[in-house]
Amino acid sequence: MYEYDDKELGKIIVKPNIRAKRIIARRKGECIQLTVPLGFKLKSLASILDEMRPRLSKLNFVKNQLITEESILETFSFTARLSRTHLVENVKMRLKNGDLTVFIPSDFDLDNTDSQHVVKEMIRHALRHEAKKILPKKTQEFAQKLNLHVADVKINKSISRWGSCSRKKSINFSLYLLLLPEKYIDYVVLHELAHTIELNHSEKFWKLLDNFCGENAKAISQSLRKHKSTAYELLKP
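What counts, and where the lines are drawn
Residues numbered from 1 in each chain as written. Predicted model: local features only at pLDDT ≥ 70, side-chain atom pairs only at ≥ 80, totals over all residues. Heavy atoms only, no water. Buried < 20%, exposed > 50% of the residue type's maximum accessible area, 1.4 Å probe, protein only. Helix = DSSP H or I, 4+ residues; strand = E, 2+ residues; numbered from the N terminus. Arc of directions from axis to C-beta. Contact = heavy atoms within 4.5 Å. Core = buried A, V, L, I, M, F, W, Y, C linked by side-chain atoms within 4.5 Å. Salt bridge = Lys/Arg side-chain N within 4 Å of Asp/Glu carboxyl O.

Undergrad: Can you break down helix α5 (residues 217-226) residue by residue, with the values?
TA: The periodicity of an α-helix, 3.6 residues per turn, causes residues three or four places apart in sequence to face the same way. If you check which residues of α5 are buried, you get A217, I220, S221 and L224. All buried residues of α5 lie within an arc of 100° about the axis, which places them on one face of the element. Exposed positions of α5 whose direction lies more than 90 degrees from the buried face are R225 and K226. Where α5 is buried, its residues meet α3 (182-194) and α4 (203-213).

And the structure:
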């Protein structure tokens with residue numbers, strides 16, 4: 001790995017990779033990383049930077065929200081990672097014992113927008129599968145302990161809210177809820193269970209939720225709003 005300082009672009013990290021067929025550029029924190037094929041001649045870097053400068057100048061933190069071979073996504077129930085291999089012709093995945101592996105062909109272009117969509121949809125599919133398995137069970141377990149009735153539990157792909165509850169006591173959870181730590185998942189489940197009794201956010205509701213949580217529910221809510229999830233930023237549409 002080499003480092004190069006460019007007056008306009010800042011720090012450039014050059015990282016040779018045995019699987020690289022071409023130069024791939026992406027922003028890594030405060031610097032730009034160039035993944036290059038083995039045998040790359042460092043003396044040619046200056047001229048290559050001049051050719052790529054218009055593109056490199058446009059790199060920003062939004063474009064950094066790409067799933068790469070170095071990405072490891074931690075979720076409540078599994079860890080997801082990519083594996084490049086010549087043994088598959090199309091993107092495939094395997095979820096086993098809490099490990100999700102997305103296998104991508106050796107010549108798969110991860111910088112391509114369509115390619116990113118395919119990989120992220122694979123992970124979202126696994127996320128929905130896990131959400132359907134975990135969240136209804138967790139909800140019913142809490143409901144039994146609290147002697148509450150829940151009509152049903154459904155999973156959706158909302159990014160505007162973690163959960164909701166209808167007047168008929170039907171609860172919906174976003175599949176992205178599984179990207180939060182378990183303490184926040186439990187809070188959201190208890191929050192929606194409290195809505196089976198109080199459909200508003202009155203003081204009566206918050207007192208009820210305090211009892212369900214065994215602590216200050218508003219404090220948990222505020223903490224949840226401040227929580228940042230790398231996996232969520234990568235996977236949200």
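That covers the picture; the talk isn't over yet.
Undergrad: Outline the nonpolar core, supporting the account with residue identities and numerical values.
TA: It is characteristic of soluble globular proteins that their nonpolar side chains tend to be buried jointly. If you look at the biggest cluster of nonpolar residues, it comprises 55 residues, and the most contacted ones within it are V119, I123, F173, Y187, L193 and L209. Among the elements that line this core, the one with the most residues is helix α2 (residues 113-146), at 10 residues. Dropping the residues within four chain positions of it, L193 is found in contact with T139, F142, A143, L146, L148, V150, I171 and F212. Formed by 14 residues, the second largest nonpolar core is a distinct cluster that contains I32, V36, I48 and L56.

Undergrad: Give me the lowdown on the pattern of salt bridges, citing residues and values where you can.
TA: For the structure on display, the rule yields 14 salt bridges. In this structure, R19 and E69 form a salt bridge, with 3.1 Å as the shortest nitrogen-oxygen distance. With a gap of 50 residues between them, R19 in the loop between β2 (10-17) and β3 (24-28) and E69 in the loop between α1 (45-57) and β5 (72-74) connect regions that are remote in the sequence. What makes E69 partly exposed here is its relative accessible area of 25%. Across the salt bridge formed by E69 and R84, the nearest N and O atoms sit 3.1 Å from each other. Taken together, the residues span a long stretch of sequence, with E69 in the loop between α1 and β5 and R84 in strand β6 (residues 79-85) at a distance of 15 residues. Here the salt bridges share partners, and the residues they tie into one network are D6, D50 and R53.

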